[in-house]
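Next come the chains, spelled out residue by residue.
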Amino acid sequence: MRSPATSGVSAIVIGILSMIVGSTVRHYETLLGTDAGGYLLRALDRLGLVRVAPAEAGVEWSPSGLFFPLTDANVLRGFLIYGAYLALASLLLAIWAEYCREENLYLSAGFMCGAGGLYLASPLFGIVAISLGAATLLVLQKRRRHEHSTSR
């Protein structure tokens, strides 16, 4: 008996979000370069989210609770890690959807969106995720076929 396709749809949505976050970070990295000159911090300052640095200070912000300075490169790296977490969640939800026998269209699209988001974070991890995920899905489908053939 098939279950409702809630995990598969969630995998698609989370996978698309991970691809949006990853591609946005990669776009800003190419647009701003390695030394962005505090562009993101100035934007946060205009929004009122950080305090204005003194004129003689550099383009970093060191809040008291953090162990590292908050620079543009660190902000982009943090968003990229967040995108990778979303991608992993999408991959795991897609595999869970296959395990729960949800609709194949949803889990396949969710899996590929998650793999694409992980590929944007790290091409090596993206390819490894596709390979391991495909092997896992094949094992689950083979087990299901074996259960189906023995139940006849």
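Just so it is clear, the structure is predicted and the values come from calculations on it, not from any experiment. (Residues numbered from 1 in each chain as written. Predicted model: local features only at pLDDT ≥ 70, side-chain atom pairs only at ≥ 80, totals over all residues. Heavy atoms only, no water.)

Undergrad: Looking at this structure, I do not really get the nonpolar core. What am I missing?
TA: One broad rule of soluble globular proteins: the nonpolar side chains tend to lie buried together. One finds Leu91, Ala94, Leu107 and Leu118 to be the most contacted residues of the largest nonpolar core, which totals 16 residues. Secondary-structure elements contributing two or more residues to this core are helix H1 (6-32), helix H3 (72-99), helix H4 (104-121) and helix H5 (123-150). Looking at which element gives the most residues to this core, the answer is H3, with seven residues. Those residues in contact with leucine 118, other than ones at most four positions away along the chain, are Ala84, Ala87, Leu88, Leu91, Phe125, Gly126 and Ala129. (Core = buried A, V, L, I, M, F, W, Y, C linked by side-chain atoms within 4.5 Å. Buried < 20%, exposed > 50% of the residue type's maximum accessible area, 1.4 Å probe, protein only. Helix = DSSP H or I, 4+ residues; strand = E, 2+ residues; numbered from the N terminus. Contact = heavy atoms within 4.5 Å.)

Undergrad: I'm lost on the confidence of the model for the protein chain in this one. Help?
TA: The predicted coordinates ought not to be read in detail in places where the model reports low pLDDT. A residue-level look at the protein chain finds 73% of positions with pLDDT of 70 or above and a mean pLDDT of 76. H3 holds the highest mean pLDDT among the elements of the protein chain, 84, whereas helix H2 (residues 39-46) holds the lowest, 71. (pLDDT = per-residue confidence, 0-100.)

Undergrad: What am I meant to see in a nonpolar patch on the surface here?
TA: Together, Val9, Val13, Ile16, Leu17, Ile20, Leu105 and Tyr106 make up an exposed nonpolar region whose accessible area comes to about 610 Å². Elements supplying a minimum of two residues to the nonpolar patch: H1 and H4. In terms of residues, the nonpolar patch owes the most to one element, H1, which gives five residues. A relative accessible area of 39% means that isoleucine 16 is categorised as partly exposed. (Patch = residues over 30% accessible without salt bridge, like charges linked within 9 Å, V, L, I, M, F, W, Y side chains within 5 Å. Areas by Shrake-Rupley, 256 points an atom, 1.4 Å probe, with all protein chains shown as cover. Salt bridge = Lys/Arg side-chain N within 4 Å of Asp/Glu carboxyl O.)

Undergrad: Explanation requested: the environment of valine 128 in the structure shown.
TA: Its location among the elements puts valine 128 in helix H5. Considering only alpha carbons, one finds valine 128 and alanine 115, 13 residues apart in sequence, at a separation of 9.1 Å.

Undergrad: Any chance you could explain the packing of H3 against H5 here in plain terms?
TA: What describes two packed helices is the angle between their axes and the distance between those same axes. Their axes nearest at 10 Å, the elements H3 and H5 cross at an angle of 10 degrees. As summarised for this structure, H3 and H5 are arranged roughly parallel, according to the angle between their axes. Contact residues: H3 offers Leu91, Ile95, Glu98 and Tyr99, while H5 offers Ala129, Gly133, Thr136, Leu137, Leu140, Gln141 and Arg144. Residues that form the contact of H3 with H5 fall into these classes: six nonpolar, three polar and two charged. (Axes fitted to C-alpha atoms, helices over the stretch in contact; angles between N-to-C directions. Parallel < 35°, antiparallel > 145°, perpendicular 65-115°, else oblique. Nonpolar A, V, L, I, M, F, W, Y, C, P; charged D, E, K, R; others polar.)

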